[in-house]
Amino acid sequence: MALAEANPTLTSDLDEADAMLISRQMWGNTGNQRRTIGTGENEWYTPPEYIDAVRDVFGIIDLDPASSAVAQKIVQAKKYFTKENNGLDKEWHGRVWLNPPYSQPDIAYFVAKLLGEIEAGRVTAAIMLTHNNTDTTWFHSAATRADAVCFTKGRVKFESPEGDIAAATNGQAFFYYGREPRKFGVTFRQIGLVLARMMDE
């Protein structure tokens, strides 16, 4: 069963035309920076300082389920999945770092997959990086389940395989899922505003 069928609420607010429009966002050139206006290009790497922060929280990254061999030069996860071997079809285990593809509907599928693996108990902790698209259904699904969220101060300068720096048109958010939201907060407050979920009494 496709993830969209298993989690219809994640994409139910998008008709096919809207999903295609989002996924066709284009990257315009501005010197050595490429500004996000969207082609659906998904191969953009997270700068090392943010991966270092993830390691400060986790110690070791067990899995990077939306990655590439190039990205692993920095991430150095114990295991990773690529577009070719499709992490959406695999079980995820342990401490997961996720920088999903940002085009629709892919991002909704990866959010749904992460939340499902957490619910199944296979993922013990996770940090996910996305744009701060707070109006979308997938963002609300991710934030509702998160134990903490960090809204970046400034924008993450993602890097392309060719070494171009993306000038994103909006800020980003790091979602934390796990038992150490305080540790996440202490580490990520240097990156931006951290909000923690109110714990049930």
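For the structure, see preceding data.
Below is a summary of the structure that appears in this document. (Residues numbered from 1 in each chain as written. Predicted model: local features only at pLDDT ≥ 70, side-chain atom pairs only at ≥ 80, totals over all residues. Heavy atoms only, no water.)

Let's shift gears to helix α6 (residues 137-145). Among the residues of α6, those classed as buried are W138, F139 and A142. With its buried residues spanning 100 degrees around the axis, α6 presents them on a single face. (Buried < 20%, exposed > 50% of the residue type's maximum accessible area, 1.4 Å probe, protein only. Helix = DSSP H or I, 4+ residues; strand = E, 2+ residues; numbered from the N terminus. Arc of directions from axis to C-beta.)

So, on to the packing of helix α3 (residues 48-58) against helix α7 (residues 181-188). For any two helices packed against each other, one specifies the inter-axial angle together with the distance between the axes. Contact geometry for α3 and α7: axes closest at 9 Å, N-to-C directions at 150 degrees. Comparing the axis directions of α3 and α7 gives the class roughly antiparallel. Note on packing geometry: the crossing formed by α3 with α7 is right-handed. Touching A53, V54, D56 and V57 of α3 are K183, F184, T187 and F188, all from α7. Residues of the contact of α3 with α7, tallied by class, amount to 5 nonpolar, 1 polar and 2 charged. (Axes fitted to C-alpha atoms, helices over the stretch in contact; angles between N-to-C directions. Parallel < 35°, antiparallel > 145°, perpendicular 65-115°, else oblique. Left-handed = near helix turned anticlockwise from the far one by under 90°. Contact = heavy atoms within 4.5 Å. Nonpolar A, V, L, I, M, F, W, Y, C, P; charged D, E, K, R; others polar.)

Residue P105 is bonded to the preceding Q104 through a cis peptide linkage, with omega at 5 degrees. Tracing the sequence through the fold places P105 in the loop between β5 (94-98) and α5 (106-119). Positive phi outside glycine occurs at Q76, with the angle close to 55 degrees. Checked against the element boundaries, Q76 lands in the loop between α4 (72-75) and β4 (79-82). Backbone geometry at N86 places phi at a positive 50 degrees, although glycine is not the residue there.

Here the focus is the environment of R122. By the secondary structure assignment, R122 is in the loop between α5 and β6 (123-131). For R122, a relative accessible area of 26% puts it in the partly exposed group. Once residues within four sequence positions are removed from consideration, R122 is found in contact with E91, W92, H93, G94 and E117. Within the structure, R122 has its side chain in polar contact with the side chain of E117 (distance 2.8 Å). (Polar contact = N/O pair within 3.5 Å; in protein donor to acceptor, adjacent residues only side chain to side chain.)

Here T187 is to be found in helix α7. If sequence neighbours within four positions are ignored, T187 has contacts with A53, D56 and V57.

In this section: the packing of aromatic side chains. Scanning all chains against the criterion turns up 9 aromatic pairs. One aromatic cluster is present, formed by Y50, W97, F174, Y176, F184 and F188 through successive ring pairs. (Phe/Tyr/Trp six-rings, centres within 6.5 Å; stacked < 30°, edge-to-face > 60°.)

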